[in-house]
Amino acid sequence: MAERLNELFATVTWVDERGRRREYSTPQVARAISDDPSHDTTVSRVYLATLRSGTNTNPTVAVLKAIARFFDQRRAVEAPPITASYFLDEEDESQEFRRQLADRQVRMIAMRAGNMTPAVRRQVLQMLDILEQPVSEEPTAEQPGG
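Bear in mind the structure is a predicted one, so any value in this text is a computation, not a measurement.

A.B. asks: Outline the overall build of the protein, listing residues and values.
C.D. replies: In terms of regular secondary structure, the protein is built from 8 helices and 2 strands. Taken from the N to the C terminus, the helices and strands of the protein come in the order α-β-β-α-α-α-α-α-α-α. The 146 residues of the protein split such that 23% are buried. A separation of at least 24 residues holds for 42% of the contacts in the protein among residues at least 6 apart in sequence. A total accessible area of about 10,800 Å² is found for the protein, and carbon and sulfur atoms account for 53% of it.

Rendered as C-alpha cells:
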C-alpha cells in the first residue's frame, strides 16, 4: 500500500505561483483530508507518514476513501479515477487496465463498444484481429508474384 500511496504523491501534482510542478507534501494532504467537509475522517501528518513509510499497513476503509478522494479530485483529466480499491488491488493486470484506460481514444472505443450488440462486438473484435496481424512484405521482382 505504501508503494501505491507514494506513487500518488509522485504523480498527482500541483502548479505553484511560478508555474513549477510540485508534489503535495504529507502535511498538505493530511490537512486537506481533515478539513474536507464531505466526510468526518481526519488524518494527522504523522499517521499519513507512517502509511507512506509502510510502518502502518492497516488503515481503515474510511481513511483509504479519504486519501483516494483527495488525489482523485486533483488528478489529471486524462488519468483514470482514483478510488480506495486502488490501494487494495494487487493485480498487475488491473494496473495495466487503468493505464490503458487513461488514453482518451481507448476510453472512447470502449464506450462505443458498450453500446453495441454482442454480434457487432464480435465483428469489431474480428476486425481488430485482422488489423493487429503483421503486414506482409510486398513481393519483389525476384519473388514469385512480383
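More follows now that the structure is in view.
A.B. asks: So, the layout of surface pockets: which residues are in play, and what are the values?
C.D. replies: The volume enclosed by the largest pocket comes to roughly 400 Å³. Of all the secondary-structure elements, those providing two or more residues to the lining of the largest pocket are α1 (2-11) and α6 (92-101). Split into classes, the residues belonging to the lining of the largest pocket amount to 9 nonpolar, 3 polar and 6 charged. By volume, the second largest pocket is sized at about 220 Å³. In terms of lining, the second largest pocket is formed by M108, I109, A110, R112, A113, M116, R121, V124, L125 and L128.

A.B. asks: Pulling in residues and values, what's your account of the pattern of salt bridges?
C.D. replies: As enumerated under the stated definition, the model contains 4 salt bridges in all. Across the pair D72 and R75 runs a salt bridge, and its minimum N-O distance is 2.6 Å. Judged by relative accessible area, D72 falls into the partly exposed class, the value being 23%. Looking at R75, the relative accessible area reads 25%, which means it is partly exposed.

A.B. asks: Describe the packing of aromatic side chains, listing the residues and the values that go with them.
C.D. replies: Scanning the model with the defined rule gives 5 aromatic pairs in all. Ring geometry for W14 against Y24: centres 6.3 Å apart, planes inclined by 40°, an arrangement best described as tilted. Separated by 10 residues along the polypeptide, W14 in strand β1 (residues 13-15) and Y24 in the loop between β2 (21-23) and α2 (26-35) bring together distant segments of the chain. Plain terms: the ring middles of Y24 and F70 are 5.1 Å apart, the flat faces sit at 80° to each other, and that makes the pair edge-to-face. Taken together, the residues Y24 in the loop between β2 and α2 and F70 in helix α4 (residues 61-74) connect sequence positions 46 residues apart. F70 shares its class with Y24; the two are buried. The ring of Y86 is capped by R4, whose NZ or CZ atom sits 5.6 Å from the centre of that ring. Sitting over the ring of F9, R52 keeps its end group 3.6 Å from the ring centre.

Reading guide: rules and limits
- In every chain, residue numbers begin from 1 and rise along the written sequence.
- Local features are withheld for residues below a pLDDT of 70 in this predicted model, meaning they are given only at 70 or higher, and side-chain atom pairs are given and counted only at 80 or more; totals for whole chains, interfaces and linings count all residues.
- To get the side-chain values, take all heavy atoms of the structure and skip hydrogens and water.
- Going along the chain from the N terminus, every DSSP run of H or I of four or more residues is numbered as a helix, and every run of E of two or more is numbered as a strand.
- Exposure categories follow from relative accessible area, calculated using a 1.4 Å probe and restricted to protein chains: below 20% of the type maximum is buried, above 50% is exposed, and the middle band is partly exposed.
- In what follows, a contact means two residues having at least one pair of non-hydrogen atoms within 4.5 Å.
- Here the Shrake-Rupley method, with its probe set to 1.4 Å, supplies the accessible areas, and only the displayed protein chains count as covering residues.
- A cavity here means a set of points on a 1 Å grid, drawn over the protein atoms and nothing else, where a 1.4 Å probe fits but cannot get out; a pocket is an open set with protein on both sides within 12 Å along at least five of seven lines, and a residue lines either one if it has an atom within 4 Å of a point.
- Grid points are joined across faces, edges and corners, and a volume is the space filled by probe spheres set on the points.
- Each residue is assigned to one of three groups, with Ala, Val, Leu, Ile, Met, Phe, Trp, Tyr, Cys and Pro labelled nonpolar, Asp, Glu, Lys and Arg labelled charged, and all others, Gly among them, labelled polar.
- Salt bridges are identified by distance alone: a Lys or Arg side-chain nitrogen within 4 Å of an Asp or Glu carboxyl oxygen.
- Here is the rule: rings of Phe, Tyr and Trp (six-membered ring for Trp) pair when centre to centre is within 6.5 Å. Planes less than 30 degrees apart are stacked, more than 60 are edge-to-face, and the remainder are tilted.
- Only when the NZ atom of a Lys or the CZ atom of an Arg is both within 6 Å of the ring centre and within 35 degrees of the ring normal do we say a charge sits over the ring.

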